[in-house]
Amino acid sequence: YYGDDSGGDFSSYPHIRRCGVGLAHIDSQGQLQFGISYPLPNLQAVPKGELSALVSLAQWLQYGANVTFYTDSMHVFLMSQKSQQERLQSSNHDLFELCFNYINVGNLSIQILWIPSHTDDQPEKHKPDWLTPIHVAGNNQADTLAGDAAKTAQLDLNITTKHKNNVHLVMR
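For the structure given in this document, a descriptive report is provided here. (Residues numbered from 1 in each chain as written. Predicted model: local features only at pLDDT ≥ 70, side-chain atom pairs only at ≥ 80, totals over all residues. Heavy atoms only, no water.)

1. So, the overall build of the protein chain
Worth spelling out the cut-off: Only DSSP runs of H or I covering at least 4 residues are called helices, and only runs of E covering at least 2 are called strands; the numbering of each starts at the N terminus. Between buried and exposed lies partly exposed: a residue is buried under 20% and exposed over 50% of the maximum accessible area for its type, with that area taken using a 1.4 Å probe on protein chains only. Surface exposure here means Shrake-Rupley accessible area, sampled with a 1.4 Å probe, where a residue is shielded only by the protein chains that are shown. His is not counted, nor are the chain ends; Lys and Arg add positive charge and Asp and Glu add negative charge. Taken as the charge location is NZ of Lys, CZ of Arg, CG of Asp or CD of Glu.
In terms of helices and strands, the protein chain carries six helices and five strands. Reading the protein chain from its N terminus to its C terminus gives the helix and strand order β-β-β-α-β-α-α-α-β-α-α. Its C-alpha atoms give the protein chain principal-axis dimensions of about 55 × 35 × 25 Å. When the 172 residues of the protein chain are sorted by exposure, 44% land in the buried category. Here the protein chain has roughly 9600 Å² of accessible surface; of this, 52% comes from carbon and sulfur atoms. Positive and negative side-chain charges of the protein chain, numbering 11 and 16 respectively, have mean locations separated by a distance of 10 Å.

In structure tokens:
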């Protein structure tokens with residue numbers, strides 16, 4: 001399974017950012033077998049969206065499932081390796097608590113691995129030895145789903161244009 005978040009067209013503007021989340025499952029040829037995408041509710045922050053994909057996976061897996069989850073979020077990967085106490089002190093403690101509750105109650109085994117993003121169009125990026133074109137395809141599928149979800153949540157162009165103009169005026 002591959003998870004991703006997109007901050008949408010206005011990712012660099014926190015007040016008008018609208019995130020989308022994507023979760024993809026692919027076959028051995030890199031073709032999408034299953035995918036979900038949804039706008040991120042509440043706080044619009046990309047790390048929260050990246051973690052939301054993992055929560056969604058844990059929520060919907062069958063009891064006792066044993067899967068691998070690939071994320072291009074180093075934050076999610078590193079936080080998943082920390083102790084429960086450390087996760088519960090993080091800014092996304094609510095989602096970590098929910099996620100690991102699903103894992104415990106569902107008797108799930110989820111191996112979480114970090115995958116670099118956009119390695120197909122940025123070949124100079126450092127890649128883990130185990131990375132294959134199939135992994136890149138899975139990450140791209142999740143990225144596409146997240147981008148589609150972010151587009152559905154975007155604010156009206158009249159609002160975003162005014163906000164961007166005001167930000168540029170203040171920054172002068």
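2. Some thoughts on unusual backbone geometry
Non-glycine residue Asn107 carries a positive phi angle of around 50 degrees. Tracing the chain through its elements places Asn107 in the loop between helix H4 (93-105) and strand E5 (109-114). A positive phi angle is found at His118, which is not glycine, with a value near 55 degrees.

3. Quick look at the sheet that holds strand E4 (residues 66-71)
To keep it simple, the criterion reads: At least two bridges found by DSSP between two strands are what make those strands a pair. Lines fitted to C-alpha atoms define the axes here, with helix axes fitted over just the stretch in contact, and angles between the N-to-C directions of these axes take values from 0 to 180 degrees. Two residues qualify as a contact provided that any one of their heavy atoms is within 4.5 Å of a heavy atom in the partner residue.
Read across the sheet, five strands follow the order E3-E2-E1-E4-E5 without closing on themselves; strand pairing throughout is mixed. Both edges of this open sheet fall to strand E3 (32-39) and E5, since each of them pairs with a single strand only. Across the sheet, the mean angle separating the axes of adjacent strands is 20 degrees when strand polarity is ignored. Here helix H5 (residues 133-153) sits on the sheet and contacts strand E1 (2-6), strand E2 (20-26), E3 and E4; the angle it forms with E2, its principal contact strand, is near 150 degrees.

4. Notes on the pairing of E1
Counting buried positions along E1 yields five of five residues, so the element is predominantly enclosed. Residues of E1 alternate between two faces, with Tyr2, Asp4 and Ser6 on one and Gly3 and Asp5 on the opposite face, all of them buried. Across two bridges, the pairing between E1 and E4 is parallel. Paired with Gly3 across the two strands is Thr71, which belongs to E4.

5. Let's talk about the pattern of salt bridges
Any two side chains of opposite charge can pair, on the condition that their charged atoms come close. In plain terms, the rule: Think of a salt bridge as a Lys or Arg side-chain nitrogen and an Asp or Glu carboxyl oxygen that are within 4 Å of each other.
This structure, assessed with the given rule, holds one salt bridge. Of the charged contacts in the structure, one is a salt bridge between Asp94 and Lys48, with a shortest N-O distance of 3.3 Å. Of the two residues, Asp94 is situated in helix H4 and Lys48 in helix H1 (residues 46-60); the sequence distance between them amounts to 46 residues. Judged by its relative accessible area of 37%, Asp94 is partly exposed.

6. With respect to the nonpolar core
The test is simple: In these notes, a set of buried Ala, Val, Leu, Ile, Met, Phe, Trp, Tyr and Cys residues joined through side-chain atoms within 4.5 Å is what counts as a nonpolar core.
Grouped together as the largest cluster of nonpolar side chains are 25 residues, with contacts concentrated most on Leu54, Phe69 and Ile110. Looking at this core, the elements that each hand over two or more residues are E2, H1, E4, helix H2 (74-80), H4 and E5. Ranked by the residues each element gives to this core, the list is headed by H1, at six residues. Contact partners of Leu54, with chain neighbours within four places excluded, come to Phe69, Val76, Cys99, Ile110 and Ile112.

7. With respect to the side chain of Thr119
Note that Thr119 resides in the loop between E5 and H5. Overall, the relative accessible area of 6% leaves Thr119 in the buried class. Not counting residues up to four positions away in its chain, the partners in contact with Thr119 are Lys125, Lys127, Leu131 and Val136.

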